[in-house]
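Given next are the chains, with one letter for each unit.
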Amino acid sequence: NSSYYNRNVYLSRLDLRKRLIIPSPYFLNRGFSAEILHKYDVGECLTKGKFLYNRAICPVYDIKGTYQGSTGRIINDELISSTCSKWLIDSDLARNKKNALYNINFAAPHIARMKEVVIIESAGNCWRLVESGFENCVALLGSEIFDPQLEQIIRLGPNKLRLVFDKDEAGK
């Protein structure tokens, strides 16, 4: 099983936090606050043999706060190659990708109250927006949006959808 976690057993947020070094030193060094990394359970997997070993792990939760899977960024850029991607997603999140919206568990009440959602690409973009007071944001974990993701957002009743993508090829 290529999953970092065993989906045959319910993994609570507390259990997940015990498996990671939180906050992630990698993201602390990139200027993110320990507070924001703790809020989102962003840590590092230093357990050899795990699928997301030597990666900064970003757990993804559904609107109810149930763990859906993780994405992980390599913590040593020198290892990035054609056989070692900068970002990986575990098999749990890969199965749920079309439904996954990063930060939906925290953003839902803000979206419903403000009647507006900011849709972005990445967890890092999300953290920066939340640090700046914009708590009505969700990340696609990529630049493609799927119908099930839009349906989740629409159920929250926003009148405005703002799409904010990176200025790279994927975001165009």
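From a predicted model like this one, the values you see are computed outputs, not experimental measurements.

A look at the state of the cysteines
- By the definition in use, this model includes 0 disulfides.
- Here C45 is not cross-linked by a disulfide; its sulfur's nearest cysteine counterpart is in C58, at 13 Å.
- We classify C45 as buried; its relative accessible area is 0%.
- C137 provides the cysteine sulfur closest to C126, a residue in no disulfide bond, and the two sulfurs are 3.7 Å apart.
- When its relative accessible area of 0% is taken as the criterion, C126 is described as buried.

Observations regarding the packing of aromatic side chains
- Overall, the coordinates contain 7 aromatic pairs when judged by the stated rule.
- Measuring from ring centre to ring centre gives 5.8 Å for F27 and F32, while their planes differ by 80°; the resulting arrangement is edge-to-face. When sorted by exposure, F27 lands in the same class as F32, which is buried.
- Relative to W127, the ring of F27 has its centre 4.9 Å away and its plane inclined at 85°; by these criteria the two rings are edge-to-face. Of this pair, F27 sits in helix α2 (residues 25-29) while W127 sits in helix α6 (residues 123-131); the two residues are 100 residues apart in sequence, bridging distant segments of the chain.

Looking at helix α5 (residues 104-114)
- When we look at burial in α5, the residues that qualify are I104, A107, A108, H110 and I111.
- Tucked into the core, α5 has its buried residues touching β2 (55-61), β5 (116-120), β6 (137-139) and α7 (147-155).
- Following α5 by one or two positions, K115 adopts a phi angle in the positive range, close to 60°.

Let's talk about the pattern of salt bridges
- Per the counting criterion, the structure on display carries 7 salt bridges.
- Residue K39 is joined to E135 by a salt bridge in which the shortest nitrogen-to-oxygen separation is 3.8 Å. Taken as a pair, K39 in helix α3 (residues 34-39) and E135 in the loop between α6 and β6 lie far apart in primary sequence, 96 residues in all.
- Judged by its relative accessible area of 29%, E135 falls in the partly exposed class.
- Between R73 and D77 there is a salt bridge whose closest N-O contact spans 2.6 Å.
- Judged by relative accessible area, which is 5%, R73 ranks as buried.
- Through salt bridges that share partners, R13, R17 and D41 make up one connected network.

Conventions we followed
- Residues numbered from 1 in each chain as written.
- Predicted model: local features only at pLDDT ≥ 70, side-chain atom pairs only at ≥ 80, totals over all residues.
- Heavy atoms only, no water.
- Disulfide = S-S within 2.5 Å.
- Buried < 20%, exposed > 50% of the residue type's maximum accessible area, 1.4 Å probe, protein only.
- Phe/Tyr/Trp six-rings, centres within 6.5 Å; stacked < 30°, edge-to-face > 60°.
- Helix = DSSP H or I, 4+ residues; strand = E, 2+ residues; numbered from the N terminus.
- Contact = heavy atoms within 4.5 Å.
- Salt bridge = Lys/Arg side-chain N within 4 Å of Asp/Glu carboxyl O.

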